[in-house]
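Letter by letter, the chains look like this.
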Amino acid sequence: MPAFVSAYYFPRHSSPPSLHFSKHFGIPENCGLCSIHCNENFVRSIVRCGTKCRFSRQVVTFASCGGGGGGGSLSKCDSGATMPFTNEPSTFCLSSPIDTQKFQVGLIPKQEIGAERFLLNYPHYDGRGIVIAIFDSGVDPAAAGLQITSDGKPKLLDVIDCTGSGDVDTSKIAKADDDGFIIGASGAKLQVNKSWKNPSGQWHVGCKLSYELFTETLVSRLKNERKKKWDEVHMRALTDALWLLAAFDQKHGKPSEVSLKKEREDLQNRVDLLQKLSETYEDKGPIIDAVVWNDGDNWRVALETLDFDDSGHGKLADFSPLASYRIEHQFGIFSKMDACSFVTNVYDDGNILSIVTDSSPHGTHVAAITAAYHPEEPLLCGVAPGAQLISCKIGDSRLGSMETGTGLTRALIAVVKHKCHLINMSYGEPTMLPDYGRFVEMANEVVNKHGVVFVSSAGNAGPSLNTVGAPGGTSSSIIGIGAYVSPAMSAAIHSVVEPLQDALLYTWSSRGPTSDGDLGVCLSAPGAAVAPVPQWTLQRRMLMNGTSMASPCACGGIALVLSALKAEGQPINPWFIRKSLENTAARVTYNPEESLTTGYGLLQVDKAYEYWQHCKDKASVWYDVQLNRSGNSGPTFRGVYLREASDCCRSSEWTVQVKPKFHEDADKIELVVPFEEHIQLAGYPSWVKTPYYMLLMHNGRTFNIVVDPTGLEPGVHSAEVYGIDCDAPWRGPLFRIPITVLKPMEILNQPPSISFSGLKFVPGHIERQFINVPVGSTWGEATLKLSGFDSPLKFFLNVVQVLPMRRPVVWDNFVTFSGSSSKTFAFPIHGGVTMELTLAQFWTSGIASYVQATAELEVEFHGLSGNQSKVVWNGSEGVARVDVKCHIGAERLAPRAVFTKIRSPYQPVDVKLEPLSVDRDQLPNGRRIVALTLTYKFTVAEAGKVTPRVPLLNKRIYDTAFESQFYMISDPNKRVLAMGDAYPKGIQLSKGDYTLKLFLRHDNIQYLEKLKKLVVFIDKNLEEKNHIHLSFYTSMDGVITGADSFKSSILVQGETQPFYIASPLEEKLPKDVSVGSLLIGKITYGRVLFGNKGKENGQPCPASYSLECVIPPSPKVEEKPKETNAAAARKSTSQIFEEQVRDAKIKALSTLQRGNKEEQEDWNNIAATLKSEYPGHLYLMSEILQKLASTPHAEDVKHGIERVIVAADEVIDIIDKDVLAKFCAMKSEAEDPDAMQVRKEMELQRDALADALYKKGLAIAQLEDENLLEIMSKEDEPQVPEWTQDISTANGSVSQPSQSDASTKDSNDDVQELAGVHNISISQEVETKDRFDGVYAELRKWVDITSTKYSLLTVIREKRCGRLGSAIKVLNELLQDDGKPPQKNLYKLRVKLIEQIGWPHWAAYEKKCIHIRFPSSLPPF
């Protein structure tokens, strides 16, 4: 995730403060270690100097840097008196004018790292000859300062979307007609430019929804602007509809005639439809049609963007074709409205087109800090204006700019392919295992083998220690950068009221060490800038700060040094460069924790270059240092890190192994064999003991050190052991072993609590307290009291614990105090583990106040824990026992348990393993990456929010051996509803069937083979009203008797209370639950009683535990033996056999394919044979009708439809409608087998008759209406009606009610009543001149015509009568039927109706919706 922050606190994952800039500029809110840091103060200094500026909620943006002013402010005249600030020039009186150049210099800090001093002496070493890869959200090639370098070369050598989020499937080939037209992938007719060379004549076509390429911010802006245009057209249509309705009412008043009533109803429906559309309209965005072809030399791309606006611009033929960016360095802009630039790349022989846009402004801002070049405004240049860039987009647009394993891998491949010298990566997140994982392995190879210097942000999860993120702060081969702010930056960039007195690290900048003892932060650099951003933001520059900004500042500084090496013909060794940076960095502060905060100090470019000049003749070697605790064969460490009480109460001995590393191509005879160094070992202070001397050879040496923290006071203690070259001590440390001791204080009082008073705070001040949490503690309650200040203050209150093989456990809070007051907090903790309690005043909070705030902090510890860390039981057991023990003082045990979701496992139904393309997915070592695609099917019985989970892979991007994971959830029409990767998100799904595809990548096929049966879990959230709250009992029998209910009790220290949890009742289980599924929830044991001590009420404590219950099997319902009626009993064995053979033949007929002409002819012959064998058999005739109606017609379409009509008539003729009508009029509730069988057969006949009438009416309508014929003939009819699944169980013959059955005796009165109510003619069918109306009238006699099962005929009838508004209304109700999957032909019918009614804007919108609902295929991964 991008490692940049916002101005106010963003509590998730310890991210710094935020004005929720992420919502405005496409940055994901869950970005973990990152968000954006916007200035919270108005730029008063800019106003005072008369510079025009514009202040928005997000950031301060600079419209220009000249004179001017604004109204409403105050100024001072020469006498110093305050006077109104007007627009008259005479009022622009400045008591102390600001040097504009001095102001501009501070917008992109360079002085702090010595870059300006270096360039003053070496102006041509400004990054020239250096290629830097920017791993980020993408770089806008149209942004200011990113076109050329200082020596006139292209600034951006390549712009790559490594994530695949902009990929378009262009494997479909189209041929142009004589007029030069092709059919695009969206179905649009496209004209190609006749001047375009295409020797093959093959045009690859694809399409993309533009909103899939844009950030949320841009999409939101476009929707607002496009909605205004839509509303103009839509309101005209609505006004016309209202006028027609008013004219009708004026002419007819309240009509009594049926025809006039229906006409008015239609007019009212039109108004209602338009009004509803106004409320439900959702802009789907323009559709981009893409065409790719090879002109004989290169692949070319043209886009049709006509849909972006109504100006007529954007036709395909008018597009200036683009090649892959690296070839011609060209880019395009979709339209003036969006102002979004893009580039194109073509892969896989034209079958994949990548449309590259940025996923946030972050990447462009980072690139500009690194290397922007402004020839007309040199003070606004980046740190290395002469460097060239490669933009590697790793922030996936589909995931809100989250990085993916695919993006990271492809980016590293691109680095080697383009022979880059430097990488900047301002992304990262917390990690469980430092310096481990697939990405780290590949990064190590890029650094060690290919000589690339890798720079990355350390993270923005401070101010606590142990908060550095991966990969920047946790990987040995990557230089992790912390964020520094100087007094000059606070004035020029942040425009604070009162500049800082001293430089410091930003409060939110992440701190070390890592869990394996490494410093975490290597160097520091300025962590803020006002730099260029993409054009679509509608501003040139933007203020951002974070370690995301510190990293490119450092990267640019390193590029200056590399530029010097390149110009002087010296090789670039990343480890030698790193050593020169570390040994020349400037200290920022002198507190004990500085090395954990700023690393080795503030980067100094000029000093690093001087160091290199002195050492350039030394061997290019780096030193691999690993530690083991003596006597422990466990994992290795990169430093000594002691923080637990058990480690700090005794001395420890550590075995250190130092091994020199040469490049794999180094000369073994000349360099490796003779290598020897005389190393003096030094350590400080006195509590670290080390040998004095060591002779180091190529194969390495080991030595021991002793760390004795027993005499140290509680708090932070840092030290290091380092090796000095005795022959060249001026080289400084050749290797370093960091030593960190966080000695906790013990709590002795009972009940355990600790308080801190008299803590004095100024802006940026941090207080850390390390506490050995009492064993058994499960949560803490803190009270913070603040006093003695005169302006609102903002504070961080963080708690951090480090547990083995887990990410640091962080609880954080950002709180504002408006005045002297106290606030209370509760947080979960782990007993027996050292806790860092951090209280920090935000660095700009109270910066204009000269009064120190005084804080008092009290923490109480509480402890209730069960005998299980996770309560799991089988629901079949009926009960689960939990034993809760009180560890501290006296606590109220008041359990609360609730199930909130259900988790169901799914096995893959399809597995696909295939190598990926060479273009993007071949590693530098020549190995091709292989993709494993697993397909899962699942059903949602009731609408709800579902989340797919893969526990083996989730929540790990960097610290995993697997390269990448990505999933898609789609409906039966291949419409993608959700995408995700390591951090799956919930998606609201309607009732229906869904497909999940999981995409895994690795170059080791054996790893993927082991994952072919990987189980995916689908979590479905229960609605809050359906949450299952569990009951507790003091005895097992209470679960059955209902007695011995348990609510709460008071436990004293050491006391254990058992109780029983009752399994949820079967009636409370969700409908779609299945055996093997789990109910998932949480259980808490204690209560937080802030201000209510002694009372029973209170909120559940923050310490919660997982609760899982295995769904028991449902009770098996024994099938009752079928009762045999008298007729069936009289059948002989041969009759039964013949009926079973007949039914088997009919069933086989239904399974035969009827696709092409030959298959249809064969099927027709078989059907005719069966009809002759079993004349008058209803099931056979119905099956023939169903098959004819549901398959496309290979022969003449109209002839095929006429066959449907004939087949429908055959079904209708079989059924005796008079007998059926008499039966329907009967009120029969017979229960004997014969009567029930007759009833069942009559109901089947009625359903078969209704289905035949429906299909006949539909066929007649298609013959009469060419448009309807075209729409309905292109799509299969819905599935087999449910009634046909039952008719096969009957005898298939048309039966009449048994006259001997008393319960089915006919009643003439009942028959006449039925005929009167339903207008049924017993003696004959209704004769009409119009066949359709006759069929429709007949169907109304037998079924409810308003049912969605038959309402399509109502739609057609209303259309035939000219009542298009009523037709659309009925069709909308049909489309909203959740019981059926969406049918494309019905949506196309709605488009035709809307076009006929005269609403072209709505019709165009519906066409776009059809393309979205019914894509031709799934998008590429």
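Scope of this entry: the structure provided in the associated data block. (Residues numbered from 1 in each chain as written. Predicted model: local features only at pLDDT ≥ 70, side-chain atom pairs only at ≥ 80, totals over all residues. Heavy atoms only, no water.)

### So, the overall build of the protein chain
Helix and strand counts for the protein chain come out as 35 helices and 64 strands. For the protein chain, the residues scored as buried account for 56% of the 1421 residues in total. Residue pairs at least 24 apart in sequence account for 75% of intrachain contacts in the protein chain once pairs closer than 6 positions are excluded. Carbon together with sulfur atoms contributes 49% to the accessible area of the protein chain, which is approximately 59900 Å² in total. (Helix = DSSP H or I, 4+ residues; strand = E, 2+ residues; numbered from the N terminus. Buried < 20%, exposed > 50% of the residue type's maximum accessible area, 1.4 Å probe, protein only. Contact = heavy atoms within 4.5 Å. Areas by Shrake-Rupley, 256 points an atom, 1.4 Å probe, with all protein chains shown as cover.)

### A few points about the pattern of salt bridges
Two side chains bearing opposite charge may form a pair once their charged atoms approach each other closely. Under the definition given, this model contains 54 salt bridges. Measuring nitrogen to oxygen at the nearest pair gives 3.2 Å for the salt bridge that ties E720 to R736. Remark: R736 occurs in strand β35 (residues 733-743) and E720 occurs in strand β34 (residues 715-725); sequence separation between them is 16 residues. Among the residues examined, E720 registers a relative accessible area of 13% and is labelled buried. Counted as one network, the salt bridges with shared partners bring together R410, D921, E963 and R1001. (Salt bridge = Lys/Arg side-chain N within 4 Å of Asp/Glu carboxyl O.)

### A few points about the pairing of strand β39 (residues 793-801)
Among the nine residues in β39, nine count as buried, and that is most of the element. Judged by which residues are buried, β39 turns out to be covered on both faces: L793, F795, L797, V799 and Q801 on one side and K794, F796, N798 and V800 on the other are all buried. Where β39 and strand β40 (residues 809-817) come together, nine bridges link them in antiparallel fashion. Bridge pairing in β40 places K794 opposite T816. Here β39 pairs with strand β42 (residues 834-841) via six bridges, running antiparallel. Among the inter-strand pairings, V799 is bridged to a residue of β42, identified as L837. (Pairing = 2+ DSSP bridges.)

### Re the environment of Y693
The topology assignment puts Y693 in strand β32 (residues 693-697). Residues Y693 and Q680, 13 residues apart in the sequence, show an inter-C-alpha distance of 4.6 Å.

### A look at the side chain of Q604
Its location among the elements puts Q604 in the loop between α14 (594-598) and α15 (605-615). Of note is the side chain of Q604, whose polar atom sits 3.0 Å from the backbone oxygen of E112. Among the polar contacts made by the side chain of Q604, one reaches the side chain of R117 at a distance of 2.9 Å. Sequence-distant contacts of Q604, that is, excluding residues within four places in its chain, are made with E112, I113, G114, R117, T584 and A586. (Polar contact = N/O pair within 3.5 Å; in protein donor to acceptor, adjacent residues only side chain to side chain.)

### Section: the sheet that holds strand β44 (residues 864-866)
If you walk across this open sheet you meet the four strands as β44-β46-β60-β58, and the pairing is antiparallel. What marks the edges here is a single partner per strand, and that holds for β44 and β58 (1032-1033). Judged from the three bridges that link them, β44 and strand β46 (residues 879-886) form a sheet pairing that is antiparallel. Following the sheet pairing, S865 is matched in β46 by K885.

### Looking at helix α26 (residues 1217-1225)
Helical periodicity: at 3.6 residues per turn, an α-helix aligns residues three or four positions apart in one direction. Inspection of α26 places K1217, V1219, L1220, A1221, F1223 and A1225 among the buried residues, and these make up the whole buried set. With a side-chain oxygen positioned 3.1 Å from the backbone nitrogen of D1218, the residue opening α26 is D1216.

### A short note on the sheet that holds β35
Paired through their backbone hydrogen bonds, the strands of a sheet run either parallel or antiparallel. What the five strands build is an open sheet, ordered β28-β35-β34-β30-β32; its pairing is mixed. Both edges of this open sheet fall to β28 (640-642) and β32, since each of them pairs with a single strand only. Across this sheet, the average inter-strand angle for adjacent strands is 20 degrees, counted without regard to direction. Two elements, β28 and β35, share three bridges in a ladder whose sense is parallel. Among the inter-strand pairings, V640 is bridged to a residue of β35, identified as I739. (Axes fitted to C-alpha atoms, helices over the stretch in contact; angles between N-to-C directions.)

### Concerning a negative patch on the surface
On the surface, a cluster of negative charge is contributed by E1158, E1159, E1161 and D1162. You can call E1159 partly exposed: its relative accessible area is 30%. (Patch = residues over 30% accessible without salt bridge, like charges linked within 9 Å, V, L, I, M, F, W, Y side chains within 5 Å. Lys, Arg positive; Asp, Glu negative; His and termini not counted. Charge placed at Lys NZ, Arg CZ, Asp CG, Glu CD.)

### Here we look at the packing of helix α24 (residues 1178-1190) against helix α25 (residues 1197-1214)
Helices that pack against each other are described as a pair by the angle of their axes relative to one another and the distance between those axes. Between α24 and α25, the least distance of the axes is 9 Å, while the angle of their chain directions is 160 degrees. With respect to their mutual orientation, α24 and α25 come out roughly antiparallel. Here the hand of the crossing between α24 and α25 comes out left-handed. In contact with L1178, M1181, S1182, L1185, L1188 and A1189 of α24, α25 contributes R1203, V1204, A1207, A1208, E1210, V1211 and I1214. The residue inventory of the contact of α24 with α25, partitioned by class, reads ten nonpolar, one polar and two charged. (Parallel < 35°, antiparallel > 145°, perpendicular 65-115°, else oblique. Left-handed = near helix turned anticlockwise from the far one by under 90°. Nonpolar A, V, L, I, M, F, W, Y, C, P; charged D, E, K, R; others polar.)

### A word on the packing of aromatic side chains
Applying the stated criterion to the full structure yields 49 aromatic pairs. An angle of 10 degrees between the planes, with centres 5.5 Å apart, marks the rings of Y122 and Y125 as stacked. Relative accessible area serves as the criterion here: at 29%, Y122 is assigned to the partly exposed category. Of the residues examined, Y125 reaches a relative accessible area of 16% and is grouped as buried. (Phe/Tyr/Trp six-rings, centres within 6.5 Å; stacked < 30°, edge-to-face > 60°.)

### Topic: the packing of helix α32 (residues 1351-1360) against helix α34 (residues 1384-1397)
Running from amino to carboxyl end, α32 crosses α34 at an angle of 15 degrees, the nearest separation of the two axes being 12 Å. As judged from the angle between their axes, α32 and α34 are roughly parallel. As for how α32 packs across α34, the hand of that crossing is left-handed. Judged by residue contacts, L1352, V1355 and K1359 of α32 engage L1386, L1389, L1393 and Q1396 from α34. In the contact of α32 with α34, the residues fall into five nonpolar, one polar and one charged.

### Regarding helix α9 (residues 405-417)
Here α9 contains 13 residues, and its C-alpha end-to-end distance of 18 Å stays within 8% of the 18 Å for a straight helix at 1.5 Å per residue. Taken across its 13 residues, α9 has eleven buried, putting it largely inside the fold. All buried positions along α9 are accounted for by G405, T406, G407, L408, T409, R410, A411, L412, I413, A414 and V415. In the segment just after α9, K419 is the residue with positive phi, at about 55 degrees. (Expected span 1.5 Å × (residues − 1).)

### Topic: unusual backbone geometry
Here the amide bond leading from G462 into P463 is cis, since omega sits at 15 degrees, within 30 degrees of zero. When you line up the elements, P463 lands in the loop between β21 (453-457) and β22 (478-485). Here A470 and P471 are connected by a cis peptide whose omega angle stands at 0 degrees. Among the structural elements, P471 can be located in the loop between β21 and β22.

### A look at the nonpolar core
Counting residues in each nonpolar core, the largest one holds 100 residues, and the members touching the most others are I113, I132, L422, L523 and I558. Setting aside chain neighbours within four positions, we find L422 in contact with I130, V131, I132, A133, V452, V453, V455, C555, I558, A559 and L562. Counting 86 residues, the second-largest nonpolar core is a separate cluster that includes L273, Y1179, A1367 and F1414. (Core = buried A, V, L, I, M, F, W, Y, C linked by side-chain atoms within 4.5 Å.)

### Topic: the pairing of strand β61 (residues 1078-1084)
On a regular strand, one side chain projects to one face of the sheet and the next to the other, so that they alternate. By the criterion of burial, β61 is predominantly enclosed, with six of the seven residues buried. Note: strand β48 (residues 896-906) against β61, seven bridges, orientation antiparallel. Paired with V898 across the bridge in β61 is K1082. Here β61 runs beside strand β64 (residues 1104-1110); their pairing, made up of seven bridges, is antiparallel. Considered in β64, the bridge of I1080 is made with E1108.

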